[in-house]
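# Survey of secondary and tertiary structure
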Amino acid sequence: MSVMHIAGHKHQGPREVTLEEVRATLGNCELCPLWETRNNIVFGVGDPHARVMFVGEGPGKNEDLQGEPFVGAAGKNLDQLLGLAGLKREEVYIANVVKCRPPGNRNPRPEEIEACSPFLREQIRSIWPDVIVCLGNFAAHFVLRTDQGITTLRGRFHQTGHFYVLPVFHPAAALYHREWQQYLDDDFRLLGQWLKDHPKED
Ligand code: URA
């Protein structure tokens, strides 16, 4: 399956593509220059049928070395935050907007996000979660297609098509802006409450 096929397939509904297929299409991707400096592609981890999917910005140093998202300091914060929502890492899915580390942890560039976008789109379509939690601005802008900042967007659920979307501060940003941690904690408690109020239908 080619990237164009994945990106352009109009009739593909939820879950008609598996994560394995998306990963296979990504292959040893060289669609943007980030491949030159990466150690590992960081595709994503978790339950392929998770109710809650988390989207971060892009791999940092530890993630690039280990090939897994949120395994460094930001990941420790994320694990604690998951606890506040009553969630375990194994029952959610975690991915990033870009799958390869931008050198020196710089922001991903628009053309890098664009090149990588079919893969996140297809991951979302495959998992078909009820809630997408956007960790920081890059994820919020990707999912909600807005330019509004995370400070304005956070603290409440948004809706886009099938998905409820909760934008929150990035867990790494709260390590530098300690005053943001309280907002993150509040938003993850809000997520936990939302999940209680919307029991899974099956
Ligand atoms: N920050 C991110 O946005 N993603 C990761 O996987 C790790 C840190």
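Residues numbered from 1 in each chain as written. Predicted model: local features only at pLDDT ≥ 70, side-chain atom pairs only at ≥ 80, totals over all residues. Heavy atoms only, no water.

### Comments concerning helix H5 (residues 110-127)
An α-helical turn contains 3.6 residues, so a residue and the one three or four places further along point in the same direction. Under the 1.5 Å per step criterion, the end-to-end length of H5 is 25 Å for 18 residues, consistent within 8% with the ideal 26 Å. Of all the bends in H5, the greatest reaches close to 45 degrees and is centred on Cys116; the proline Pro118 follows between one and four positions later. Two residues or fewer past H5, Trp128 is found with a positive phi of approximately 50 degrees. (Helix = DSSP H or I, 4+ residues; strand = E, 2+ residues; numbered from the N terminus. Expected span 1.5 Å × (residues − 1). Bend = angle between axes of the 7 residues up to and from the residue.)

### Some remarks on the pairing of strand E6 (residues 163-168)
Buried residues dominate E6, accounting for five of its six residues. Pairing of strand E4 (residues 131-135) with E6 involves five bridges; the strand directions are parallel. Looking across to E6, one finds that Cys134 is bridged to Pro167. Bridging between strand E5 (residues 158-160) and E6 involves three bridges; their strand directions are antiparallel. If you follow Thr160 over to E6, its bridge partner there is Phe163. In this structure, the hairpin formed by E5 and E6 is closed by a connection of two residues, where Gly161 is found at a positive phi of approximately 55 degrees. (Buried < 20%, exposed > 50% of the residue type's maximum accessible area, 1.4 Å probe, protein only. Pairing = 2+ DSSP bridges.)

### Focus: the site of the ligand
Around the ligand, a shell composed of Gly56, Glu57, Gly58, Glu63, Pro69, Phe70, Asn96 and His170 is seen. A distance of 3.0 Å is found between an oxygen atom of the ligand and a backbone nitrogen or oxygen belonging to Phe70. Of the residues assigned to the shell around the ligand, the class counts are two nonpolar, four polar and two charged. (Near = heavy atom within 4 Å. Polar contact = N/O pair within 3.5 Å; in protein donor to acceptor, adjacent residues only side chain to side chain. Nonpolar A, V, L, I, M, F, W, Y, C, P; charged D, E, K, R; others polar.)

### Considering unusual backbone geometry
Despite not being glycine, Phe70 shows a phi value in the positive range, around 50 degrees. In this structure, Phe70 sits in the loop between helix H3 (61-66) and helix H4 (73-84). Phi is positive for Asn105, which is not a glycine, with a value near 60 degrees. Mapped onto the elements of the fold, Asn105 is located in the loop between strand E3 (93-96) and H5. Classification of Asn105 by relative accessible area gives partly exposed; the value is 45%.

### A word on the packing of aromatic side chains
Tallying each qualifying case throughout the model produces six aromatic pairs. Between Phe169 and Trp180 the ring centres are 4.2 Å apart and the planes differ by 5 degrees, which places this aromatic pair in the stacked class. In this pair, Phe169 sits in the loop between E6 and helix H8 (173-176) while Trp180 sits in the loop between H8 and helix H9 (181-197), placing the two residues 11 residues apart along the sequence. Ring pairs connect the aromatic residues Phe157, Tyr164 and Trp194, which therefore count as one cluster. (Phe/Tyr/Trp six-rings, centres within 6.5 Å; stacked < 30°, edge-to-face > 60°.)

### Here we look at the sheet that holds strand E2 (residues 52-56)
Taken in spatial order, the six strands of this open sheet run E1-E3-E2-E4-E6-E5, and their pairing is mixed. Where the open sheet ends on each side, the last strands, each with one partner, are strand E1 (45-46) and E5. Note: E2 against E3, four bridges, orientation parallel. Bridge assignment links Gly56 to a residue of E3, and that residue is Asn96.

### Let's talk about the side chain of Ser117
Mapped onto the fold, Ser117 is located in helix H5. Its relative accessible area of 3% is what places Ser117 among the buried residues. From its side chain, Ser117 meets the backbone oxygen of Glu114 in a polar contact 2.8 Å long.

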